[in-house]
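# Structure assessment
Spelled out, the chains give:
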Amino acid sequence: MAGMILKEDVEKVRAAADLYDIVSASVALKPSGTGTYVGLCPFHDEKTGSFNVRPSLGVWHCFGCGLGGDVFKFVEQQENIDFREAVELLADKYHIELHYEQNGQGANREAAHGTRRARLLEANEEAQRFFVSQIMSKEALAARKLLGGRNFSQADCERFGCGYAPQGWDNLVRHLASKGFTQKEMLDAGLARQGQRGVYDYFRGRVTWPIRDSTGRTLGFGARKLYEDDTIAAKYINTPDTQLYRKTQVLYGIDLAKASIVKKRQVVIVEGYTDVMAMHLAGVDTAVATCGTAFGADHAKIVRRLIADDSLGAIQLIGPRKVDGQALSSRVVFTFDGDAAGQKAALHAFGLDSAFLSQTFVAVADDNLDPCDLRIQRGDQAVRSLVEHARPLYDFVIETAIDRFDTQFTTGQMGAVHAVAPVIAQIRDRSLLDIYTRKAARRIGVDLDILQREVASARRAAHVRDEDAYAPRRRGGSGGFGGFDGEREFDRERERQGENPFANPAARKLLERQDAKNQTYHRIDDAVFICEQQFMATLIQVPRAVDRSLFGALTVDSFTTPVFRTLFQALEAAGGLPSNDTPQGLWMHALSKAGGPMLDQVINELAVMPLPLPPSPAGAGSEGPGAQDAAGSQNAAAVQLRAPSQAETRYATELLVRLIDMDYMRRIAAARRRMAQLPDGDEKFALLGRVAKLEAARKDLQSQVYNNNVA
């Protein structure tokens, strides 16, 4: 059985993998300075962008939770897999053949990891091809009638990948077996079940829809009942939770809608697969749906990362905005039924509203028609109009609660007060709380102070915290990179993870950073630290800007900050300054490997830290094949270390000279202190000569810098 992946193959994958392409598939990235992109971190819950990506160096770092690394580390964290599986997943994505070392330990390792994620993806893709191939069969007539009855043409079904799972016992199992998949892989992918007579198909006699991630990979399936004799009574079933598929973390249609959601900063959330199809076919291309579960906090995080708006830089814009060509932007629209179930779903969404960083709306059609039925009965324009005329969620929920009572009677008025007060109490934004309290009091017909007392009582009972949810937010935290409220974030993570929030590495980093932030015994904010920090950041980001002759004068004693002394030692262990033809990704990999896990976060943070330099001209300094992609990012591992700009070279030299000069000063001061303690004699005379040489070297350095600047 295969052992470790050959190193040269790992480097091939690193060279092919585009960090910007991979990260932007799940995170909306915005340019922020020279070669840096910022977005909302996918690994911890935040409302201001602290997740930084530097594609030119192939590194990412979150200043909120502290996680960071290269493209492999991102895939490891995102997919919850190990390094080997991350390499295999990317190799599959970029069609690179991997070779393995042959050793006796490979079989044990493979068994320990279970079914590889790449194989599960392959199994799902093959299952999708099988289901699609069956949709035109004679047996699939019922499936075609169901889809045709909803005004979906054959071309529409092909666009959305609709298929048919045959009624037999093991049609899919036998098909996958013929393609080389094992029964364990079928079971692990959720495509088959283990019965007393062997393995059998999970989806049988149903119309199917592929559930894909934002990159288009098939993670699982949804399926609708067609026949009365179906052994599963549920009308809809989904793939059970697997390594790939978590129903609380996927949205059907996200692969089709993502680009439009980011562009329009709008998402429309519907309740079913056919509703998503109807919305898109009617021109509402931002529609997605949950897969057999209520819309929850994890779904809200996906949406927030896509619609967050920091177009004013440090200001995080909240609430609906005007955008040319559409009614409103930066909003979330739910399409609920007007019945009791729809009202219950609206109340649930009401509790999630502050998580979106956008105003939430509700669209309810006349006669409680869902989008699919609305399109059938009234056409595409009616579907578009439904979204355009959506009402704010707060108004919908509050008015629904009040309308359940006959407020012409005093008892009905008080019933409405008691019903609506807990709802209004959930509004965290102080600026909206008072407005909705007044509107509700007028609608019920009671004095304002009566409702205010009930709302205040409900807020105390529910321990609701006040916050300006719709006010513009500024980035805070270390160095202005986007902070986080560590204590509240950690509390939320503890609620999600139970008594062990540290199961999530982001939560672990969160508390570590909070501990570091709260300590008072170590504070460094002086010129020496700043110079050392800026030099190390420049050295990591633009190593070719560092003068090699001057760099040779540096020693570990040139640094006073312990972490930079250790980092300099790691640099020496990595072989010193890289050659000009070294690939960007290999330079970062070698430095991170030499630094080890203790310096990982330091190196990543320095790699994405903005330097006080003007932006480089477009395309300046890019070398090698594939230097720029359509997004303007660079595939770090595929290009050589870029040539520095004049400003970068000047800045690196300035910092390097300061470090050497400070080293000279420290050595001169140490020699003078030693001289003061010695009696007259040979040793003191030797020290005097050493001081004279150091002072002369210091003057030569200053003269050299002056001449270079003049030239």
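Let us look at the structure shown here.

The rules behind these values
- Residues numbered from 1 in each chain as written.
- Predicted model: local features only at pLDDT ≥ 70, side-chain atom pairs only at ≥ 80, totals over all residues.
- Heavy atoms only, no water.
- Salt bridge = Lys/Arg side-chain N within 4 Å of Asp/Glu carboxyl O.
- Helix = DSSP H or I, 4+ residues; strand = E, 2+ residues; numbered from the N terminus.
- Buried < 20%, exposed > 50% of the residue type's maximum accessible area, 1.4 Å probe, protein only.
- Disulfide = S-S within 2.5 Å.
- Phe/Tyr/Trp six-rings, centres within 6.5 Å; stacked < 30°, edge-to-face > 60°.
- Lys NZ or Arg CZ within 6 Å of the ring centre and 35° of its normal.
- Axes fitted to C-alpha atoms, helices over the stretch in contact; angles between N-to-C directions.
- Parallel < 35°, antiparallel > 145°, perpendicular 65-115°, else oblique.
- Left-handed = near helix turned anticlockwise from the far one by under 90°.
- Contact = heavy atoms within 4.5 Å.
- Nonpolar A, V, L, I, M, F, W, Y, C, P; charged D, E, K, R; others polar.

The next subject is the pattern of salt bridges. Evaluated as defined, the whole model comprises 23 salt bridges. When the shortest N-O distance is used, the salt bridge between Asp395 and Lys439 registers 2.7 Å. Taken together, the positions of Asp395 in helix α17 (residues 393-403) and Lys439 in helix α19 (residues 430-444) put the pair 44 residues apart, joining distant regions of the chain. Owing to a relative accessible area of 11%, Asp395 belongs among the buried residues under this scheme. Arg658 is the partner of Glu654 in a salt bridge, and the nearest nitrogen-oxygen pair spans 2.4 Å.

In this structure the tally under the stated criterion is zero disulfides. Of all cysteine sulfurs, the one in Cys62 lies closest to Cys65, which takes part in no disulfide; the gap is 3.7 Å. Note on Cys162: no disulfide assigned, nearest cysteine sulfur contributed by Cys157 at a separation of 4.4 Å. Judged by relative accessible area, Cys162 falls into the buried class, the value being 3%.

Before going further, it helps to spend a moment on the packing of aromatic side chains. Applying the stated criterion across every chain yields a total of 23 aromatic pairs. For the pair Phe131 and Phe221, a centre-to-centre distance of 5.1 Å together with 90 degrees between the ring planes defines the contact as edge-to-face. Taken together, the residues span a long stretch of sequence, with Phe131 in helix α6 (residues 117-134) and Phe221 in strand β12 (residues 218-225) at a distance of 90 residues. Judged by relative accessible area, Phe131 falls into the buried class, the value being 0%. In this structure Phe221 comes out as buried when scored by relative accessible area, which is 0%. Residues Tyr202 and Phe203 carry aromatic rings whose centres are separated by 4.8 Å and whose planes lie at 65 degrees to one another, so their mutual orientation is edge-to-face. Considered together, Tyr202 and Phe203 belong to a single accessibility category, that of buried residues. One aromatic cluster in this structure is built from Phe130, Phe131, Tyr202, Phe203 and Phe221. Between the NZ or CZ atom of Lys93 and the centre of the ring of Tyr94, over which it lies, the distance is 5.6 Å. Positioned over the ring face of Trp169 is Arg197, at 4.3 Å from the centre of the ring.

It is worth spelling out the packing of helix α18 (residues 410-425) against helix α20 (residues 448-462) at this point. Closest axis-to-axis distance for the α18/α20 pair is 8 Å, and the angle between their directions is 45 degrees. Viewed along their axes, α18 and α20 adopt a mutual orientation that is oblique. Between α18 and α20 lies a crossing of right-handed hand. From α18, Met414, Val417, His418, Val420, Ala421, Pro422, Ile424 and Ala425 reach across to α20, where they touch Ile450, Leu451, Glu454, Val455, Ala458 and Arg459. Here the contact of α18 with α20 is built from residues that sort into 11 nonpolar, one polar and two charged.

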